[in-house]
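Here is what each chain is made of, one letter per residue.
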Amino acid sequence: MSKVIFRMLIGALAALLAWTIFEPTRPADSPIANPDGWNAFETHLILAWGGFIGLAVGGYNGYLQGSRTKLLAGLGLGGLLGCIGAGFGYHLGDSLVRMVFGQSLDAIMVAVASGRSNSALLILARTLALTPLGTFIGGAIGVGTLDKRRIVHGLIGGTIGGAMGGLLFDTIGSIAAIPSLAAQGVQQGEVGQIPRAAYSLVMGALIGLFIGLAEQIARQAWVRQALGKNEGREWPIFAARNMIGRNELAQIPIFGDPAVAAVHAFIDRQGHDYWLADAGSGTPTFLDGQPVTTAPLINGAHIQIGNTVLQFLLKGSAKAPLSYAMPIGGIPGPGQPIPMPMPGYPMPMQPTPGYQPMPMQSIPSQPTTVVATPSYAPTLVATDGPMAGQRFPITNFLEIGRENAGLTLGFDTSVSRRHASITPSPTGLILQDLGSTNGSFLNGQRVTSATLNPGDLVRIGATTFRVE
């Protein structure tokens, strides 16, 4: 929800900035005495609202998608189309008011001020006039993401934000009118400064808020980066085919990891089912520690792409325990039990009936070369401390820490809550420090990331583990 709240804040601040810049340019005389001047002022303010909100919220949406191309598209298209959309929505709203009420919004304002009409009519007319403004600003922000689903989310969020802002505009104006006139020492006059400022905050905040909420409500599946650069970033799975790789246009872009190919893997959505498919890059794709070509995805599954680990999540699903985990390479070593799969979750690398791979010309037709992996499960053996002698086979991604970790060291206050992780890879185990306070040590040397070999000594807090 933090991303939703942040969208709301930057939307509110962007709209308030537009008001701050353009409010001092309002005409000194009344709208009745200078209608042309006021029309020009309102047009400039509305275009600024659209451009500033589009730039801020659209840019943030692009940033969340994770690639420079999408960030620039969010900024440029969001700002430009937000400005255009605001102008279009403003004129559409004025036309709707004339069509429904038979007169302009300005005429209704004059009628209410002279007592010939009640304020409820003005509130309804104002809401009708300002709703399309929010609709087209929100839609413009969605267009900036280059994603059809997000265009819909923008339209929905913008419509709600524009409508609620319109409902509050004259209510706030009537409350603020008396102290505003008293401060000016007059009994009547233009008192729109406070309502316009309030509307700026409300509209910008609600457009940002409801765009974020619409996306949160609509998403059924998403992936979260569990390990690697930009840890914690999330990408919703909306498209039928979602590319994972270094490509700037990938739905799930991964940069800063040289082991990741431009097009490395795909997550395919088929109805309510989701499948992981390797793209044949020559570097294998791992699902819960096992190399796969195609495999179904369940809630909580870990996908390893190069040295980056992603977690697949489904709305409303309990995380499935990975109790079937096989040794790396899929072949039990001497004396090891043959693991059994979880019900409804086929073993990786076995035929998976029902999956229909999507055609893509860039995927080579020849068999994929898979890097050989050892036929045993590497193991951490605690050599000292309260856990001395305990063995921890590494069959998939393992996090080490003081709380809620796969390997929990809750007895050791020198261990961070999320201290380090160990991930199987084609070249061996990868030790990754997770920004711990006291560091992770390999053979006595503090490291942030390193490949482990048999015989290596890993120290986490006060406990030393030997790699076997």
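J.: For the overall build of the chain, give the residues involved together with the corresponding values.
T.: Of the regular secondary structure elements, the chain holds seven helices and 22 strands. Counted over contacts in the chain with a minimum sequence separation of 6, partners at least 24 positions apart contribute 56%. If you sum the accessible surface of the chain, you get close to 21200 Å²; carbon and sulfur atoms cover 62% of it.

J.: Explain the packing of aromatic side chains residue by residue, including any values.
T.: One pass over the structure, following the stated rule, counts five aromatic pairs. Measuring from centroid to centroid gives 5.5 Å for W38 and F41, while their planes differ by 90 degrees, and the two rings are edge-to-face. Highlighted residues: W38 and F41, both in helix α2 (residues 35-65), separated by three residues, approximately one helical turn. Judged by its relative accessible area of 3%, W38 falls in the buried class. Here F392 and F465 contribute two aromatic rings whose centre-to-centre distance is 6.2 Å and whose plane-to-plane angle is 75 degrees, an arrangement assigned as edge-to-face.

J.: Outline the nonpolar core, listing residues and values.
T.: Core analysis: the largest hydrophobic core is formed by 26 residues, its most contacted members being W49, I53, L133, I137 and M203. Broken down by secondary-structure element, the contributors of at least two residues to this core are α1 (2-22), α2, α3 (68-101), α5 (119-144) and α7 (193-218). The element that contributes the greatest number of residues to this core is α2, accounting for 10 residues.

J.: Run through the pairing of strand β14 (residues 398-401), naming residues and quoting values.
T.: Neither face of β14 is left uncovered, since the one carrying L398 and I400 and the one carrying E399 and G401 both have all their residues buried. The pairing of β14 with strand β16 (residues 420-425) spans three bridges and is classified as antiparallel. Residue L398 lies in a different strand from β16, and its bridge partner there is I422.

J.: How would you sum up the sheet that holds strand β5 (residues 265-270)? Please name residues and give values.
T.: To summarise the sheet geometry, strands pair through backbone hydrogen bonds and adopt either a parallel or an antiparallel arrangement. One open sheet accounts for five strands, arranged β4-β3-β5-β6-β9; its pairing is mixed. The strands lining the two open edges of the sheet, one partner per strand, are β4 (252-253) and β9 (294-296). By the bridge criterion, four bridges tie strand β3 (residues 241-245) to β5 in an arrangement that is antiparallel. Counted as the bridge partner of I244 is A265 from β5.

J.: Tell me about unusual backbone geometry, and name the residues and values.
T.: Positioned with a positive phi, D288 is a non-glycine residue whose angle comes to about 50 degrees. Along the chain, the position of D288 falls in the loop between β7 (285-287) and β8 (290-292).

J.: Kindly report on the pattern of salt bridges, identifying the contributing residues and their values.
T.: If the charged atoms of two oppositely charged side chains come close together, the side chains can form a pair. Evaluated as defined, the whole model comprises seven salt bridges. Where R391 meets E468, a salt bridge forms, and the shortest distance between an N and an O atom there is 3.1 Å. Highlighted residues: R391 in strand β13 (residues 391-393) and E468 in the segment after β22 (463-467), separated in sequence by 77 residues. For E468, a relative accessible area of 32% puts it in the partly exposed group. A salt bridge links E399 to R418, with the shortest nitrogen-to-oxygen separation between them at 3.0 Å. Here the residue E399 occupies a position in strand β14, and R418 occupies one in the loop between β15 (407-408) and β16, the gap between them amounting to 19 residues. The exposure class assigned to E399 is buried, which follows from its relative accessible area of 13%. Look at the salt bridges and you will find they share partners, linking R391, R466 and E468 into a network.

J.: Describe the pairing of strand β6 (residues 273-278), and please don't skip the residues or the numbers.
T.: With five of six residues buried, β6 lies mostly within the body of the structure. Relative to β6, β5 runs antiparallel, the two sharing six bridges. Bridge assignment links I267 to a residue of β6, and that residue is L276. Taken together, β5 and the strand that follows it, β6, pair antiparallel across an intervening segment of two residues, in which G271 is found at a positive phi of about 65 degrees.

J.: An account of the environment of P378 is needed here, citing residue identities and associated values.
T.: Note on placement: P378 falls in the loop between β11 (308-314) and β12 (379-382). Note: C-alpha distance between P378 and G428 (50 residues apart in sequence) is 8.7 Å.

J.: Please give an account of α7 that cites residues and values.
T.: The end-to-end C-alpha distance of α7 is 37 Å, a good match for the 38 Å that 26 residues give at a rise of 1.5 Å each. Most of α7 sits out of view: 20 of its 26 residues are buried.

Definitions and cut-offs
- Residues numbered from 1 in each chain as written.
- Predicted model: local features only at pLDDT ≥ 70, side-chain atom pairs only at ≥ 80, totals over all residues.
- Heavy atoms only, no water.
- Helix = DSSP H or I, 4+ residues; strand = E, 2+ residues; numbered from the N terminus.
- Contact = heavy atoms within 4.5 Å.
- Areas by Shrake-Rupley, 256 points an atom, 1.4 Å probe, with all protein chains shown as cover.
- Phe/Tyr/Trp six-rings, centres within 6.5 Å; stacked < 30°, edge-to-face > 60°.
- Buried < 20%, exposed > 50% of the residue type's maximum accessible area, 1.4 Å probe, protein only.
- Core = buried A, V, L, I, M, F, W, Y, C linked by side-chain atoms within 4.5 Å.
- Pairing = 2+ DSSP bridges.
- Salt bridge = Lys/Arg side-chain N within 4 Å of Asp/Glu carboxyl O.
- Expected span 1.5 Å × (residues − 1).

As far as function goes, none of this settles anything; it's purely spatial.
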